[in-house]
Structure formats: C-alpha cells, structure tokens
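The residues making up each chain are set out below.
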Amino acid sequence: MGIEHYIGQARDQFLRKSLTSDEFLDFMRENTLPVNTLMAHYHCAIMEIETKFNVLNKQFSLQYDRNPIESIKARVKSMESILKKVRRKNIPLTLESIEKNIRDIAGVRVICSFQDDIYLLADCLLNQDDITLLEVKDYIKNPKPGGYRSLHLIVEVPIFLQNEKKQMKVEVQLRTIAMDFWASLEHKLRYKKNIPAEEANLLAEELIACAEISSSLDQRMEKIRDRITRATLSSGRQ
Ligand code: 0O2
C-alpha cells in the first residue's frame, strides 16, 4: 500500500481525535444554542437564494419558453465538515471566526442546461441590489488541475429577522448537467481510500480525460441548441 494511504489514515485519526478533543467538546457545550441559531440563519439564507433562482427560472419559462435551470440542490455544511475546515485553515474555534472565515457553510448548487446559462444566471443574480459579491472562482474558464469545472460565487444576502437584518454568506455553485455528473462521481471516488498509488495515478489521469470529454460534450450540446434555434427561426419566417 502506498505512503498516501498511511498519510490519509494518520490525517483521519488526527481529525477524529481533534473532533472529540476537550476544546471541541467545550465549544459545543458552551455554544449549542448560538450554533443552532447560526445554522438556522444559514438555512434562511439558502431559502432566499433558492427563491431568487426559482423566480428567474419561472420568468425565463414565461418569457422565452425555456428553463435554464435543471435542478437546484442546497445544503448547510455539517458541523463535522465545518470543524475539519477550522483545523485545516487553522482559524480560531469561535463562532465569530467560523462565520467570518468559512464562506461555504450555506451552499446552493444550481444545475443548468447549458454553459452559457451559467453566466446568464450568475449575472442576473449579481445584478440584484440586495446581493453583494465577495468572490468569484471561475473553474470553467480555469478548470482545476484534476478536471473540476463549475462557477463558484461567494455572495452575501440579507435575511430579515424579527428586529434585525443580517447579512449571510452563501456559496453558489453553478454547473451544467455534464459538470455535475463528473463532479459527483469524482467526489465519490475521492473517498475510496484503499486504492494503490499507481492505480490512483492512472485513475486521476482517466478522470482528467473524462473531464475533457464532458467539456466538449457541453460545447457540442450548445451548438446543437443554436442550430435548433436558427432552424426554428428560419422556418418561422417562411
Ligand atoms: P462539500 O461536501 O461540497 O461541502 P476555500 O473555501 O476558498 O477555503 P475550498 O473549500 O477548497 O477553499 O474552495 P473551492 O475550491 O471553491 O471548493 C469548494 C467546493 O467546491 C467543495 O466543497 C466542492 O463542493 C467543490 N469542489 C472543489 N473542487 C472540487 C473537485 O476537485 N472535485 C469535486 N467533486 N468537487 C470540488 P467541499 O467543502 O470540498 O465539499
């Protein structure tokens, strides 16, 4: 078995011990109510963003007779994943620091029909006057070395509480069906730990090749759509 396997095991053991450490248990004991409240606020922020995309989809369907959004998935990051990120980023274990430094606790994934729909929807969202853009990571124009493609936006959206308006951070991931298909399978394979190093390297190359195929599939599907649009327009004129 390769050295990566042992490093992975050691890292997992370290994280498991860290998550049951006194520091973590104290933090959870002292902060149960504030943690639950904060997580509820992230849920509210997700609802706000999901509604915005549902409204846009509805408008496109009425105006242009097409839906740019295939589906929307959303999640609040689990406490375990948040704490792993606290360790990885080496940030203080306080709620303030978690809220400030971890910007993907609320995540909304928008699966689009075509690549240009991604940029169209991103523009529509960012043009809304209650949305503040904090960061863009364009892994479509600049895919990750492993082949991952998606457009990531970190935004702030207000939620309106009884006596307070609160800005919440949300990570919006926009991808096509092909990008999502690739990312979902790659994510599953990433957690398979007992693969010998040589085979793991070959699989990584294979995944990069699949990412290229998925990218060219997106481009071909877009061209087909354009041809259908042109054909429909010209037959309408005759
Ligand atoms: P999960 O389970 O989706 O929550 P940063 O937040 O800037 O400190 P990070 O987290 O590396 O650094 O940011 P990045 O690169 O924008 O990635 C965040 C998320 O994008 C990941 O969340 C994944 O959902 C997705 N992602 C990024 N790279 C890959 C990849 O190579 N393969 C797949 N399948 N997904 C990827 P989490 O927290 O890793 O997981």
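One can find the structure itself at the top, above this paragraph.
The structure reproduced in this document is the subject of the present report. From a predicted model like this one, the values you see are computed outputs, not experimental measurements. (Residues numbered from 1 in each chain as written. Predicted model: local features only at pLDDT ≥ 70, side-chain atom pairs only at ≥ 80, totals over all residues. Heavy atoms only, no water.)

## Focus: the overall build of the chain
Assigned secondary structure in the chain consists of 7 helices and 5 strands. Mapped from its N terminus to its C terminus, the chain presents α and β elements in the order α-α-β-α-α-β-α-β-β-β-α-α. C-alpha atoms of the chain, sized along the principal axes, occupy 75 × 60 × 20 Å. Expressed as a percentage of the 238 residues in the chain, the buried residues total 39%. Across the chain, the fraction of contacts at a sequence separation of at least 24, relative to all contacts at a separation of at least 6, is 69%. Taken as two groups, the 36 positive and 34 negative side-chain charges of the chain have centres that lie 1 Å from each other. (Helix = DSSP H or I, 4+ residues; strand = E, 2+ residues; numbered from the N terminus. Buried < 20%, exposed > 50% of the residue type's maximum accessible area, 1.4 Å probe, protein only. Contact = heavy atoms within 4.5 Å. Lys, Arg positive; Asp, Glu negative; His and termini not counted. Charge placed at Lys NZ, Arg CZ, Asp CG, Glu CD.)

## Some details on a nonpolar patch on the surface
A cluster of nonpolar side chains, Leu217, Met221, Ile224 and Ile228, forms an exposed patch at the surface whose accessible area comes to about 380 Å². You can see Met221 is positioned in helix H7 (residues 197-237). (Patch = residues over 30% accessible without salt bridge, like charges linked within 9 Å, V, L, I, M, F, W, Y side chains within 5 Å. Areas by Shrake-Rupley, 256 points an atom, 1.4 Å probe, with all protein chains shown as cover. Salt bridge = Lys/Arg side-chain N within 4 Å of Asp/Glu carboxyl O.)

## Observations concerning the nonpolar core
In this structure, Met39, Ile49, Phe53, Val110, Val170, Val172 and Leu174 are the most contacted members of the largest nonpolar core, which totals 43 residues. Sorting the residues of this core by element identifies helix H2 (22-64), strand S1 (69-76), helix H3 (79-89), helix H4 (95-101), strand S2 (106-112), helix H5 (115-126), strand S4 (151-160) and strand S5 (165-176) as the ones contributing at least two each. Considering every element that reaches this core, the biggest residue donor is H2, with 11 residues. The residues contacting Ile49, other than those within four sequence positions of it, are Val108, Leu125, Ile131, Val155, Val157, Val170 and Val172. Of all hydrophobic cores here, the second largest spans 6 residues; its members include Tyr139, Tyr148, Ala183 and Leu207. (Core = buried A, V, L, I, M, F, W, Y, C linked by side-chain atoms within 4.5 Å.)

## Digging into the sheet that holds strand S3 (residues 132-138)
Across the sheet, which stays open at both edges, the 5 strands sit in the order S1-S2-S5-S4-S3 with mixed pairing between neighbours. Strands at the two margins of the open sheet, each flanked by one partner only, are S1 and S3. Recorded for the sheet is a direction-independent mean angle of 25 degrees between the axes of neighbouring strands. Relative to S4, S3 runs antiparallel, the two sharing 6 bridges. Bridge pairing in S4 places Glu135 opposite Ile154. (Pairing = 2+ DSSP bridges. Axes fitted to C-alpha atoms, helices over the stretch in contact; angles between N-to-C directions.)

## Examining the site of the ligand
In the region of the ligand, 17 residues are neighbours, and Arg75, Lys77, Lys137, Lys144 and Glu186 sit closest. At 2.9 Å from an oxygen atom of the ligand is found a side-chain nitrogen or oxygen belonging to Tyr139. Between the ligand and Ala183, the relevant distance is 3.0 Å, taken from a nitrogen atom to a main-chain nitrogen or oxygen of the residue. Compared with its free state, where it exposes 750 Å², the ligand has 74% of that area covered by protein. Here the element with the most residues in the shell around the ligand is helix H6 (residues 177-190); it accounts for 4 residues. Tallied by class, the residues present in the shell around the ligand amount to 3 nonpolar, 3 polar and 11 charged. (Near = heavy atom within 4 Å. Polar contact = N/O pair within 3.5 Å; in protein donor to acceptor, adjacent residues only side chain to side chain. Nonpolar A, V, L, I, M, F, W, Y, C, P; charged D, E, K, R; others polar.)

## Overview of the side chain of Asp138
Of note, Asp138 is situated in strand S3. In this structure the side chain of Asp138 is engaged in a polar contact, spanning 2.9 Å, whose partner is the side chain of Tyr119. Discounting residues that sit within four places of it in the chain, Asp138 has contacts with Tyr119, Ser150 and Leu151.

## Side note on H3
Along H3, the residues that are buried comprise Met79, Ile82, Leu83, Lys85 and Val86. Buried residues along H3 cover an arc of 155 degrees about the axis, so they all sit on one side. Asn90 lies just past H3 and shows a positive phi near 55 degrees. (Arc of directions from axis to C-beta.)

## Considering the packing of aromatic side chains
By the definition in use, this model includes 1 aromatic pair. Between Tyr139 and Tyr148, the aromatic rings sit 5.8 Å apart at their centres with planes inclined by 65 degrees, giving edge-to-face as the arrangement. With respect to class, Tyr139 is no different from Tyr148; both count as buried. For the cation-ring pair, Arg225 lies above Phe114, with the distance from its terminal atom to the ring centre recorded as 4.7 Å. (Phe/Tyr/Trp six-rings, centres within 6.5 Å; stacked < 30°, edge-to-face > 60°. Lys NZ or Arg CZ within 6 Å of the ring centre and 35° of its normal.)

## As for a positive patch on the surface
Residues Arg88, Lys89, Lys137 and Lys144 make up a contiguous surface patch of positive charge. Summarising the element assignment, Arg88 is placed in helix H3. The class of Arg88 is exposed, set by a relative accessible area of 65%.

The values are spatial; any link to function lies outside them.
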